[in-house]
Amino acid sequence: MQTQNFLDLENTYGAHNYKPLDVVLTKGQGVWVWDVDGKQYLDCLAAYSAVNQGHCHPKIMETMVAQAKKLTLTSRAFRNDQLGPFYKEICELTNSHKVLPMNSGAEAVESVIKAVRKWGYTVKGIPENQAEIIVCSNNFHGRTISIVSFSTDEKARSGFGPFTPGFTIIPFGDSEALEAAITPNTAGFLVEPIQGEAGVIIPQDGYLQAIREICSRKNVVLILDEIQTGLGRTGKILAEEHEGIEADLTLVGKALSGGYFPISAILSNKEVMDVLQPGEHGSTFGGNPLACAVARTALQVLQEDNMLENALNMGDYFLGELKKISSPLVKDIRGRGLMIAMELVPEAGGARPYCLKLAEKGILCKETHEDTIRFAPPLVIQKHEVDWALEQIESVIAEKP
Ligand SMILES: *Cc1c(COP(=O)(O)O)cnc(C)c1O
């Protein structure tokens, strides 16, 4: 079949809830993917950072195949021999005490809302049904009803009400606004250390430390959504490490899968996780041995293959070289590790046409919001590949498409 046949099939039979580039991929290896016509691309999206370890990492593949032949699903009605070791290894790596495994990012967010509300009632003493969770404007935490209830993106919400109450929205990056918004009924503050989908918005230095101090002083649970920033993307296991803080609850997902099999997790201190009792929460596939085995190797190769160090080094280099490109079309270039954004001026006419041009030149990336192009390749990218990407980017933004 040709590209057009695949597009026709998707358009005819699929829900139209995405507007993908018309590239039909069939193979991947490391930072590279190939389409059905054999054209090769550098993947600068990495499945929204779910493929940090690179496509089809051989060691994760070995684990996936071996575990698939052995045991894949038990449900949590019984125990399995991958779950305990997974818990221990991710706790040691992230300095956490307790883990709740789920499948998708949105499920981890939903689960954390339940846990924090329960903590609010049973530990903090908030009157029943009064618990509030503070979140930030321009957040992205997923797509379920409760999560879009506290989105500020009209597209994410419009037509999907009625919404879940109990959320207060404050500006991102403003610790004074957090302090002012906290009431005796505030159970938690949920925030991304760097807002990814909003366009790689990096708060001012000191923000994470400030919100950590406020949450501790006011007895509010600090929840960091590191589903995108975590597991090496910013050059650290968790982005919180850039300011030397520890959240009470941390959400990871995406790259925990190694790009192979969905798994997410809430990493917790002991106090909050211990409020959940048998029967109060669960998931048929959560903590299944296939996902746990894959996640264990996905975490292992991040360390073994020095992906954090590479993300820091290549990120610094990529960012520095991008900043040297002078174009009147570019408004701002920012990033941390390999989470990099190029924001175009409004006169550039939106980021999408540039993404299409980049795809023609062999680079896959996706606009976030109107005017921003995100560059977030797998963490195994090498210098000569960054150099090649820079050449293509420079030529594409030299003129309006
Ligand atoms: C992708 C993402 C989610 C949602 O994860 P899904 O697996 O798509 O449900 C939540 N939070 C952040 C910060 C994300 O980037």
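Residues numbered from 1 in each chain as written. Predicted model: local features only at pLDDT ≥ 70, side-chain atom pairs only at ≥ 80, totals over all residues. Heavy atoms only, no water.

Notes on the sheet that holds strand β9 (residues 249–252)
- What the seven strands build is an open sheet, ordered β4-β10-β9-β8-β7-β5-β6; its pairing is mixed. The open sheet has two edge strands with one neighbour each: β4 (98–102) and β6 (167–170). Taking each pair of neighbouring strands and ignoring which way they run, the sheet shows an average axis angle of 20°.
- One ladder, built from five bridges, connects β4 with strand β10 (residues 264–268); its direction is antiparallel. Along β10, the bridge assignment pairs Val 99 with Leu 267. (Pairing = 2+ DSSP bridges. Helix = DSSP H or I, 4+ residues; strand = E, 2+ residues; numbered from the N terminus. Axes fitted to C-alpha atoms, helices over the stretch in contact; angles between N-to-C directions.)

Observations concerning the site of the ligand
- The full set of residues close to the ligand is Ser 104, Gly 105, Ala 106, Phe 140, His 141, Gly 142, Glu 192, Asp 225, Ile 227, Gln 228 and Lys 254.
- Between the ligand and the protein, one listed contact pairs a nitrogen atom with a side-chain N or O atom of Asp 225 at 2.7 Å.
- One of the side-chain N or O atoms of Gln 228 is found 2.8 Å from an oxygen atom in the ligand.
- Contact with the protein chains hides 80% of the accessible area of the ligand, taken as 380 Å² for the molecule alone.
- The class makeup of the residues in the shell around the ligand is three nonpolar, five polar and three charged. (Near = heavy atom within 4 Å. Polar contact = N/O pair within 3.5 Å; in protein donor to acceptor, adjacent residues only side chain to side chain. Areas by Shrake-Rupley, 256 points an atom, 1.4 Å probe, with all protein chains shown as cover. Nonpolar A, V, L, I, M, F, W, Y, C, P; charged D, E, K, R; others polar.)

Some details on the domain arrangement of the chain
- Annotation of the chain at the domain level lists domain 1 (58–304) and domain 2 (306–401).
- Distance from the C-alpha centre of domain 1 to the C-alpha centre of domain 2: 28 Å.
- Each partner contributes to the interface: domain 1 provides 23 residues, whereas domain 2 provides 21 residues.
- The shortest N-O distance in the salt bridge between Arg 374 and Glu 197 comes to 2.8 Å.
- Put simply, domain 1 and domain 2 have 10 residue pairs in polar contact (both at pLDDT 80 or more) between them.
- Residues of the side of domain 1 that touches domain 2, tallied by class, amount to nine nonpolar, nine polar and five charged. (Domains from an automatic or database assignment. Contact = heavy atoms within 4.5 Å. Salt bridge = Lys/Arg side-chain N within 4 Å of Asp/Glu carboxyl O.)

Brief notes about the sheet that holds strand β3 (residues 40–43)
- Here we have four strands laid out as an open sheet, ordered β1-β2-β3-β13, and mixed in their pairing. Bordering the open sheet on either side are β1 (25–29) and β13 (363–364), each of which pairs with just one other strand.
- Alignment of β3 against β13, held across two bridges, turns out to be parallel. The residue of β13 that forms the bridge with Asp 43 is Leu 364.

Description of the pattern of salt bridges
- For the coordinates displayed, the defined rule picks out 20 salt bridges.
- We note a salt bridge from Lys 324 to Glu 321, for which the minimum N-O separation is 2.7 Å. On the criterion of helical spacing, the pair formed by Lys 324 and Glu 321 is a turn pair, its members being three residues apart in helix α12 (residues 307–324).
- By relative accessible area, which is 62% here, Lys 324 ends up exposed. (Buried < 20%, exposed > 50% of the residue type's maximum accessible area, 1.4 Å probe, protein only.)

Quick word on the layout of surface pockets
- What the second largest pocket holds in volume is close to 710 Å³.
- What lines the second largest pocket is a set of 23 residues, and nearest its centre among them are Lys 19, Pro 20, Leu 21, Val 23 and Lys 366.
- Looking at the lining of the second largest pocket, the elements with two or more residues in it are α1 (3–13) and α2 (46–49).
- When residues of the lining of the second largest pocket are assigned to their parent elements, the largest contribution, three residues, is made by α1.
- Here the residues of the lining of the second largest pocket are counted per class, giving 13 nonpolar, four polar and six charged. (1 Å grid on protein atoms, 1.4 Å probe; cavity = no way out; pocket = protein on both sides within 12 Å on 5 of 7 lines; lining within 4 Å. Points joined across faces, edges and corners; volume = space filled by probe spheres on them.)

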